Amino acid sequence: MSRDSVFAGTTTHVRLGLRRDRIRITAWAITLAVLLVGIATSWDRLYPTEQSRRELAATLALNPSLTAILGPLFNPISTGGLTAWRSIAGYVLILGLVSSFVVVRHTRADEQTGIVELTGSGSVGAAARASAACLIALGYGCAFAVPAVLGLVGVGLGLGGSLVLVLAIVSAAAVFIGVAAVTAQVAHSSRGANGMAGAAIALLFIVSAVANSTSNSPLVWLSPFGWAEQARAFADERWWLIAMSFLCAGGLAGVGILISSRRDLGSSLLAPRLSRTYARSYLASPLGLSWRVDRGWLLWWLVGALLLGAIEGSILKSSLEAMSANPSLLKLIEALGGSGNLASAFIVLMIGIFALAACGFGIATIGRLILSESSSQAELELSSPISRARWASGRVILGYLGALAIVLAGAIGLGLVYGASVHDIPTSLVHAVGAGLITVPAVWLVMGVAMLSLGLRPSWFAISWVALGWCVIAGWFGVVLGLPEWILQTSPFGHLPTWPSGPMSWTAVIILSVIAVVMLLVSERGLRDRDFPQ
């Protein structure tokens, strides 16, 4: 088969994929670009003088744990150098995850849903689908790069440094496009492929963190996170590292495309595990079936939350000691986590990460109900004598209780490890778990947006992800960007008490809980009355 025939139809698949993802691409590009520009404009307000910025650099020098997570600060005096330090690790992580999920969605997921059989009915080469998926995912990075560079230059940063910063992020994220192209051929399901890609990203992030915690570690050259950080935007720029990232991305993508062109449709390098000859009795219930299907998914979330909580707990003591000498940083932590005890404020701040992650788990779990409708699986399940509410109850219960468990797992990991470091496990554990339980009503309210779309109009399900994104922006970037208080209060998390850092108020907790219950009841009524797609 000639090269042209192998890649036949690639352009058509790219156009189709961009058409399908046009709203997602626009939303991600604008959101990430605006946040990056917001970070750049915040430094003159947070650290307006050269002395305050040198104090920040001195604080980081005393705190290797924070440097391990965010990376080294190469130019603490310039606004561009501070922006690069604060944004590279987080942006590579977010854009890498988004890009890898896009590749899996346009390859393995489309095979599962039958879209590949439809689009492959024409003249399509064996390598066209995987190639198009990689190009579509790269389109996300390109769509982010253009407004990001223009925005950074528009607020006064240099063009050369802006280009290095943005291209370092995009090129590092492109490496994960190649990783996902390979995992989509290895795993038998889209969930498995996403899990493998996510695990690879997490592993490489840990490698970079370990490398950043020690001076001149060779491990920094083993991770795309390290390559992006070592590009040294707004310092001594290293363009060759950006080229190396793109070359690595092309090599991994080429391997994935080669495997895709030689395997049969629906097959994988790892064969699916055979199931039992006879099903267990608990699988007859919706909750039992949901537990059986999603237990591995939930387990990985719990393990990840527990480990992340332990990591946060291990760096909390040293971070507090380093930040105690930096008034500007203390003011920011107090604004985000409460104005009481600094350790308690930091605990509240860290618990917010687990709460937002729990929202993501819950929304994704509820989204599987909508996916089962579109794939006609719901029609098969509802052919038995079962009501719609009971049919949906399995994943709904698993989603709500799973979100609660994720928050508690992260809180337990944080409380235990930090408590051990200060020799007061009971108090730290009570504070962390209590702060986690306070966030649960807000988590369930955000999940209620997904439930409303399930009950009233499934085509609006994307609004639930928009709601979660806004909670992230308002909760984590609102104070940094200097947004007005009334805008911060549009997030349900903005109404929660900041106990144990601040006073406890049950009014907001009760009101949010009532709203979450009402949203659940309305969605149940809508699910019972609306038509299912034919």
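Within each chain, residues carry numbers counting from 1 in the order of the written sequence. Only residues with pLDDT of 70 or above have their local features reported here, since the model is predicted, and side-chain atom pairs are shown and tallied only from 80 upward, although totals for entire chains, interfaces and linings are computed over all residues. As a rule here, side-chain values come from all non-hydrogen atoms in the structure, and water together with hydrogens is ignored.

Asks: Which parts of the structure should I look at to understand helix α10 (residues 159-186)?
Replies: An α-helix turns once per 3.6 residues; consequently, residues spaced three or four apart project the same way. Its 28 residues give α10 an end-to-end C-alpha distance of 41 Å, which sits within 8% of 40 Å, the value for a rise of 1.5 Å per residue. Each residue's exposure class comes from its accessible area (1.4 Å probe, protein chains only) as a fraction of the maximum for that residue type: buried when under 20%, exposed when over 50%, partly exposed otherwise. Runs of H or I in DSSP of at least four residues are treated as helices and runs of E of at least two as strands, each being numbered from the N terminus. Among the 28 residues of α10, 23 are classified as buried, and the element is accordingly described as predominantly covered. Between the first and last residue of a helix there are one fewer steps than residues, each counted as 1.5 Å, and that sum is the expected span.

Asks: Honestly, the environment of Thr10 in this entry has me stumped. Any pointers?
Replies: Tracing the sequence through the fold places Thr10 in helix α2 (residues 10-20). Judged by relative accessible area, which is 11%, Thr10 ranks as buried. Placed 114 residues apart in sequence, Thr10 and Val124 show a C-alpha to C-alpha distance of 7.6 Å. If we ignore the near neighbours within four places in the chain, the residues touching Thr10 are Ala128, Ser131, Ala132 and Leu135. In what follows, a contact means two residues having at least one pair of non-hydrogen atoms within 4.5 Å.

Asks: Just to check I follow, could you spell out the nonpolar core for this structure?
Replies: As a rule of thumb, soluble globular proteins bury nonpolar side chains together. Residues belong to one nonpolar core when they are buried, are Ala, Val, Leu, Ile, Met, Phe, Trp, Tyr or Cys, and are joined through side-chain atoms within 4.5 Å. Grouped together as the largest cluster of nonpolar side chains are 56 residues, with contacts concentrated most on Val443 and Phe493. At the level of secondary structure, the elements contributing two or more residues to this core comprise α14 (286-323), α16 (342-374), α18 (388-422), α19 (425-456), α20 (462-481) and α22 (506-529). Residues contacting Phe493, with those up to four places away along its chain left out, are Ala355, Leu356, Cys359, Thr439, Ala442, Val443, Val446 and Cys471.

Asks: Looking at this model, I keep getting lost on the environment of Val155. Mind explaining?
Replies: By secondary structure assignment, the location of Val155 is in the loop between α9 (128-154) and α10. Look at Val155 and you get partly exposed, because its relative accessible area is 38%. Separated by 117 residues in the primary sequence, Val155 and Gly38 have C-alpha atoms spaced 9.6 Å apart. The contact partners of Val155, leaving out residues within four places of it in the chain, are Val37, Ala40 and Thr41.

Asks: Is there a simple way to think about α22 in this case?
Replies: For α22, spanning 24 residues, the distance from its first C-alpha to its last is 35 Å, which sits close to the expected 34 Å at 1.5 Å a residue. For α22, the set of buried residues is Ala508, Val509, Leu512, Ala516, Met519, Ser523, Gly526 and Leu527. As for α22, its buried residues are in contact with α18 and α19.

Asks: Can you walk me through the environment of Val166 in this structure?
Replies: Considering the arrangement of structural elements, one finds Val166 in helix α10. Each C-alpha atom of the pair Val166 and Ala148 lies 7.1 Å from the other, and the pair is 18 residues apart in sequence. Setting aside anything within four residues of it in sequence, one finds Val166 in contact with Leu36, Phe144, Ala145, Ala148, Val149 and Leu152.

Asks: Help me understand unusual backbone geometry, please; the structure alone is not making it clear to me.
Replies: For residues other than glycine, phi is negative in most cases, and the peptide bonds are mostly trans. Of the consecutive residues Trp499 and Pro500, the connecting peptide bond is found in the cis state with omega at 10°. Take Pro500: it is sitting in the loop between α21 (485-488) and α22. The phi angle at Arg232 is positive, at roughly 55°, despite the residue not being glycine. Along the chain, the position of Arg232 falls in the loop between α12 (224-230) and α13 (239-262). The exposure class assigned to Arg232 is partly exposed, which follows from its relative accessible area of 22%.

Asks: Looking at this model, I keep getting lost on the side chain of Ser523. Mind explaining?
Replies: Relative to the assigned elements, Ser523 resides in helix α22. On the basis of relative accessible area, Ser523 is assigned to the buried category, the value being 2%. What Ser523 contacts, discounting residues up to four positions off in sequence, is Met451, Leu452 and Gly455.

Asks: Explain the packing of aromatic side chains here, please?
Replies: For any pair of aromatic rings, the description rests on two quantities: the centre-to-centre distance and the angle between the ring planes. Note on ring pairs: Phe, Tyr and Trp rings are taken, using the six-membered ring of Trp, and paired if centres are within 6.5 Å. Classes follow the plane angle, with under 30 degrees stacked, over 60 edge-to-face and the rest tilted. Considering all chains together, one arrives at 10 aromatic pairs under this definition. With centroids separated by 6.1 Å and ring planes inclined at 25°, the aromatic side chains of Trp297 and Phe361 adopt a geometry described as stacked. A residue pair is termed long-range when its members are at least 10 positions apart, and Trp297 in helix α14 and Phe361 in helix α16 qualify at 64 residues. A relative accessible area of 24% places Trp297 in the partly exposed class. With relative accessibility at 0%, the residue Phe361 sits in the buried group.

Asks: Explanation requested: the side chain of Ser87 in the structure shown.
Replies: As for its position among the elements, Ser87 is in helix α6 (residues 79-106). Not counting residues up to four positions away in its chain, the partners in contact with Ser87 are Leu36, Ile39 and Leu165.

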